[in-house]
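Structural features, examined
Each chain is listed here by its residues.
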Amino acid sequence: MPNKHNKVLILGSGAAGLTAAIYSARANLDPILIHGMQPGGQMTITTDVENYPGFPDVIQGPWLMEQMQSQAENVGTKMIADTVVSVKLNIRPFELVCDSGETYTTDALIISTGAQAKWLGIDSEKKYQGFGVSACATCDGFFYRGKEVAVIGGGNTAVEEALYLTNHATKVKLIHRRDTLRAEKLLQERLFSHPKIEVIWNTVVDEIIGNAEGPMPEVMGISLKNIKNNEITQHNLQGVFIAIGHTPNTEIFENQLDKDAEGYIVTKPDSTATSVMGVFAAGDVQDNVYRQAITAAGTGCMAALEVEKFIAEQ
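The structure presented is a predicted model; accordingly, all values stated were derived computationally and were not measured. In this convention, every chain numbers its residues from 1, walking through the sequence in written order. This being a predicted model, a pLDDT of at least 70 is required before a residue's local features are given, and a value of 80 or more before pairs of side-chain atoms are given or counted; all residues contribute to the totals for chains, interfaces and linings. To obtain the side-chain values, all non-hydrogen atoms of the structure were used and water was disregarded.

Moving on, we get to the sheet that holds strand β13 (residues 197-200). Ordered in space as β10-β17-β11-β12-β13, the 5 strands form an open sheet in which the pairing is parallel. Of all the strands in the sheet, the pair left with one neighbour each is β10 (133-134) and β13. At least two DSSP bridges between two strands are required for those strands to pair. Here a helix means four or more residues in a row that DSSP labels H or I, a strand means two or more in a row labelled E, and each is numbered from the N terminus. Summarising the sheet, β10 and strand β17 (residues 239-242) pair through 2 bridges and their orientation is parallel. The partner of Ser134 across the bridge, within β17, is Phe241. Throughout, a residue-residue contact means that at least one pair of heavy atoms, one from each residue, lies within 4.5 Å. Axes here mean lines fitted to C-alpha atoms, for a helix over just the part in contact, with angles spanning 0 to 180 degrees between N-to-C directions. Of the strands in this sheet, β11 (148-152), β12 (171-175), β13 and β17 touch helix α5 (residues 156-165), which is tilted by about 170 degrees from β11.

Shown next, in the form of structure tokens:
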């Protein structure tokens, strides 16, 4: 089967990938965008979006991604529904093999494969995901004004999310399976001195309790298990934020690109350029700090502009 060659190939169809596609198509680079099992990225599991600029009313995450995809297609992006299973970044042009058996080669590659929130893996969590169970306080905290919430985790992310949620919630319970936090000392001091925050130690989530019957499922409480004495306690609250980390989708680039300790692709300062010339990374796959649709879109734009310059110089 002959290879399909393109000037620029984009992996991932979240806000970063679609923005990169829009800009590179407008630069007449005829981009191909390959999206895997979850077109639209993490935004497709985000229901109400209130913080994306330009929309005074609440919009739906999946709808926003559909609009971005239509825009990318309208300016000339070719969308491919397939999954890349292997890449060769040590040859020119770069070579990508897909699950379908199709092989693509490209002069420049934009990686925007995103990151996935780590979940607890219990059935009740899945049932209420998007309806009281969230993995992003800055995305969803606003919906818990005047309510009680729990944050699960003990690292920087968990403590930052707990502190952020105090702007909206009346009470925040931080639940951690150990008896000490991994978060930076300064963050811990702020956490422990905050009147709205209660820390529950040596404890794991047994079950998320709620009402799944009505038109909209809702969380009503949480059942916790103390790992020292196996005691079960129940707490009434309306939101559960899982903050046990994210996993960037970078497995197929193992030993081919520089990554940090957590697996995020390392990019040069003020750039989306990676350790391999001609390979660029945008969005959550290289951003473990902000993780917002708007910042992903921003780096997608940067990547496309850098690709345009790279191809012109070649």
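Further notes follow.
Quick look at the sheet that holds strand β15 (residues 218-226) now. Across the sheet, which stays open at both edges, the 3 strands sit in the order β14-β15-β16 with antiparallel pairing between neighbours. Edge positions in the sheet fall to β14 (203-211) and β16 (232-236), since each of these pairs with one other strand and no more. Geometrically, the sheet is characterised by an average inter-axis angle of 25 degrees between neighbouring strands, direction not taken into account.

Turning to helix α2 (residues 61-74), a few remarks are in order. Spanning 14 residues, α2 covers 20 Å between terminal C-alpha atoms, matching the ideal 20 Å at 1.5 Å per step. Buried within α2 are the following residues: Gly61, Leu64, Met65, Met68 and Ala72. Projected down its long axis, α2 carries its buried residues within an arc of 95 degrees, all on one side. Buried residues in α2 make contact with α1 (15-26), β3 (48-49), β4 (59-60) and β5 (78-81). In the stretch just after α2, Gly76 is the one whose phi turns positive, near 115 degrees. For a helix, the expected span equals 1.5 Å multiplied by the residue count minus one. The classification of residues rests on relative accessible area computed with a 1.4 Å probe and restricted to protein chains. Under 20% of the type maximum is buried, over 50% is exposed, and intermediate values are partly exposed. Directions from the helix axis toward the C-beta atoms define the arc.

Here the bond from Arg92 into Pro93 is cis, since omega is -10 degrees, no more than 30 degrees from zero. Within the element layout of this structure, Pro93 appears in the loop between β6 (84-88) and β7 (94-98). Positive phi is not limited to glycine here, since Asp270 has a value of about 55 degrees. Looking at where Asp270 falls in the secondary structure, it is placed in the loop between β18 (246-248) and β19 (279-281).

α2 packs onto α1 with a crossing angle of 25 degrees between their chain directions and a minimal axis gap of 9 Å. Accordingly, the angle class assigned to the pair α1 and α2 is roughly parallel. In this structure, α1 meets α2 at a crossing whose hand is left-handed. The residues of α2 that touch α1, namely those facing Ala15, Leu18, Thr19, Ala21 and Ile22, are Met65, Met68, Gln69, Gln71 and Ala72. Gly counts as polar in this scheme, as do all residues outside two lists: the nonpolar Ala, Val, Leu, Ile, Met, Phe, Trp, Tyr, Cys and Pro, and the charged Asp, Glu, Lys and Arg. Grouping the amino acids of the contact of α1 with α2 by side-chain chemistry returns 7 nonpolar, 3 polar and no charged. Throughout this description, any angle smaller than 35 degrees is read as roughly parallel, any larger than 145 degrees as roughly antiparallel, any in the 65 to 115 degree range as roughly perpendicular, and the remainder as oblique. Each crossing gets its handedness from the near helix: less than a right angle anticlockwise from the far helix is left-handed, clockwise is right-handed.

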